[in-house]
Amino acid sequence: MASQAGAPLLSRQEDDGFDDIPHHDHESISDADKTQVGRLGSFVWLLTLSAGISGLLFGYDTGVISATLVSIGSSLSERELTSLDKSVITSSTSLFALLASPFSSILADHLGRKPVILVADVLFVFGAVIQALSITVSHMVLGRSIVGLAIGAASFVTPLYLAELAPASHRGMVVTMNVLSITMGQVIAYVFGWLFAVRGDPNTGWRLLVGLGAVPAAVQCVLLFFMPETPRWLVKAKRSDEARAIIRKTSGSDPIAIQMVDSVLKDIEIEVREEEDSASLRSMNGKDGRSLMVRWRELLSVPKNRRALTIACLLQGLQQLCGFNSLMYFSATIFLMLGFTVPTLTSLTVAATNFVFTVAALLLIDRIGRRRILLYSIPFMVLGLLGTAYGFSSPGASPIAVQTPLLTRGAAVFILINIMLYVAAYAMGLGNVPWMQSELFPLNVRSIGSGVATSTNWLANFIVGLTFLPLMDALGATWTFVLYGIVCVVGWIAIWRIYPETVGLSLEQATGLLENGWGVS
């Protein structure tokens, strides 16, 4: 699958000179050529897999809490966890991810994309260790909060890093690979959760489960020393020669991609120059064009930037308000209520469904397109949510606070099937498209715009994590899932009206869609 001419990731290459590469005028390469490159080179594949460890950690720490909440017993504070304890432990991760995202965008602009990934890895390690050693609920909340900081940084910077490195024709697939890593992390968390629940010591199994999150973070810390910075950040930092070398390596052996190296670099340099000219003009008017407040003003006042922010925040908010992560956080709790004898094993079927259909999205996203795959998949999410709501409306359904299952076996299986339908549809579209947010923003506001959109995701995630169990108790499961279905319908209408298709476009071309409107044809 990968090109054999791509440079290996874990070796410093000496052939960074490009005297043998033919130079082409910027105008001689058409926009069509820029989107018709062939297979990804091995260098891009290795970068994607290495950066994808962040996604793996994201998914693992999202999925591990589901198994932990049903295994923890009275290990914390010498008592059983209450619904409030579970909600606070879960939502603290989302809250601190929300706080980390905007600060990560500032660091990514000033220091580069790689240092933010490194900071996230260090936080992942500390958070995992604190969770594993927790003896009170407060200690666990502290560990989850530190992990939240790590997830907030990683969830913002990793898709940005991959989008800025990937060739335009494969950008959707490369970014979806990170989402695939997230779902793989969730599957691994559920597998380990099931094994520890069945074979492990109840008093220590959950500690090993949360502590294992430190291992891939430590591995990525080492790999980062061999991973490059993105070409677009290097051009901003006046390091164009290094940027050209990275673009050449990501081109693999594809002849069209090799011809495009100078053209792609020139596109980036033109965008950076336009940004600098705009900043100089603001400085002449008495404003510091590099200040954070000016970038905020530019994000919110320039129409195309404001449109990009609206779309990105819409997608990120919808990704969480549709209720998906309520299943990730509390699936074992739900399946325990439904009467499944090994709830963590049942949760694994949901995580496996998510993984399989994310693989399908990986193969289809650059063929079908971002907009179309959302418009096709969300109706099936609605069907799954309404089917789940109908299953919970069966006689004998009980509040989640009641631990004794009262539903029939048939109703429980019907609910499981509809949840799997919902998860499959989510994985095909809404689970991955929002993370392609960076392709909507011009380079000068890409980090801050992506950071704000990611913060929207975590704000919505925090709301869902904090309110799901109280909603289940107050409204009942039926109306809770109906509510999520209504959110999906509203989101589908908004996507249909304002989200343009960006498949196959370079980052510079994609941002131009919003120049004079929403770009929806």
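All values derive from a computational prediction rather than experimental measurement. (Residues numbered from 1 in each chain as written. Predicted model: local features only at pLDDT ≥ 70, side-chain atom pairs only at ≥ 80, totals over all residues. Heavy atoms only, no water.)

The subject of this paragraph is empty space enclosed by the protein. Scanning the entire structure with this criterion turns up six cavities of 30 Å³ or more. Volume-wise, the second largest cavity comes out at about 160 Å³. If you go around the second largest cavity, you meet 17 residues; those closest to its centre are I182, Q186, F324, Y426 and G431. Counting residues per element, the ones that place at least two in the lining of the second largest cavity are α2 (42–71), α6 (171–199), α14 (303–321), α15 (324–338), α16 (343–368) and α18 (409–428). In terms of residues, the lining of the second largest cavity owes the most to one element, α6, which gives four residues. Residue composition of the lining of the second largest cavity, grouped by class: seven nonpolar, ten polar and no charged. (1 Å grid on protein atoms, 1.4 Å probe; cavity = no way out; pocket = protein on both sides within 12 Å on 5 of 7 lines; lining within 4 Å. Points joined across faces, edges and corners; volume = space filled by probe spheres on them. Helix = DSSP H or I, 4+ residues; strand = E, 2+ residues; numbered from the N terminus. Nonpolar A, V, L, I, M, F, W, Y, C, P; charged D, E, K, R; others polar.)

Moving on, we come to the packing of aromatic side chains. What describes a pair of aromatic rings is the distance from one ring centre to the other and the angle between the planes of the rings. Taken as a whole and judged by the stated rule, the model has eight aromatic pairs. A centroid spacing of 6.2 Å and a plane angle of 90° characterise the contact between F58 and W435, whose relative ring orientation is edge-to-face. With F58 in helix α2 and W435 in the loop between α18 and α19 (443–474), this pair connects stretches of sequence that are 377 residues apart. Residues F58 and W435 agree in their burial class; the two are buried. (Phe/Tyr/Trp six-rings, centres within 6.5 Å; stacked < 30°, edge-to-face > 60°. Buried < 20%, exposed > 50% of the residue type's maximum accessible area, 1.4 Å probe, protein only.)

For the chain, per-residue confidence averages 82 on the pLDDT scale, and residues scoring 70 or more make up 86% of the total. The low-confidence segment residues 1–37 (pLDDT under 50) makes 68 contacts with residues lying over four places distant or belonging to another chain. Across residues 400–404, where pLDDT falls below 50, the model places ten contacts with residues more than four positions away in sequence or in other chains. (pLDDT = per-residue confidence, 0-100. Contact = heavy atoms within 4.5 Å.)

What follows deals with the packing of helix α17 (residues 370–392) against helix α20 (residues 477–498). Put simply, α17 and α20 touch, their axes get as near as 8 Å, and they point 165° apart. Taken together, the axis directions place α17 and α20 in an arrangement best described as roughly antiparallel. Relative to α20, the crossing made by α17 is left-handed. Side by side, α17 and α20 meet where R371, L374, L375, I378, P379, M381, V382, L385, L386, T388, A389 and F392 of the first sit next to A477, T478, F481, V482, Y484, G485, C488, V489, W492, I495 and W496 of the second. Residue composition of the contact of α17 with α20, by class: 19 nonpolar, three polar and one charged. (Axes fitted to C-alpha atoms, helices over the stretch in contact; angles between N-to-C directions. Parallel < 35°, antiparallel > 145°, perpendicular 65-115°, else oblique. Left-handed = near helix turned anticlockwise from the far one by under 90°.)

Now for the packing of α15 against α18. For any two helices packed against each other, the geometry comes down to the angle between their axes and how far apart the axes lie. Between α15 and α18, whose axes approach to 12 Å, the crossing angle comes to 170°. Between α15 and α18, the angle falls in the class roughly antiparallel. The handedness of the crossing between α15 and α18 is left-handed. Of α18, the residues touching α15 (which contributes F324, L327, F335 and L338) are A412, I415, L416, I419, Y422, V423 and Y426.

Moving on, we get to a nonpolar patch on the surface. A contiguous nonpolar patch, built from F192, L195, L212, V215 and V219 and spanning about 370 Å² of accessible area, is present on the exposed surface. Only α6 and α8 (214–223) provide two or more residues apiece to the nonpolar patch. By the secondary structure assignment, V215 is in helix α8. (Patch = residues over 30% accessible without salt bridge, like charges linked within 9 Å, V, L, I, M, F, W, Y side chains within 5 Å. Areas by Shrake-Rupley, 256 points an atom, 1.4 Å probe, with all protein chains shown as cover. Salt bridge = Lys/Arg side-chain N within 4 Å of Asp/Glu carboxyl O.)

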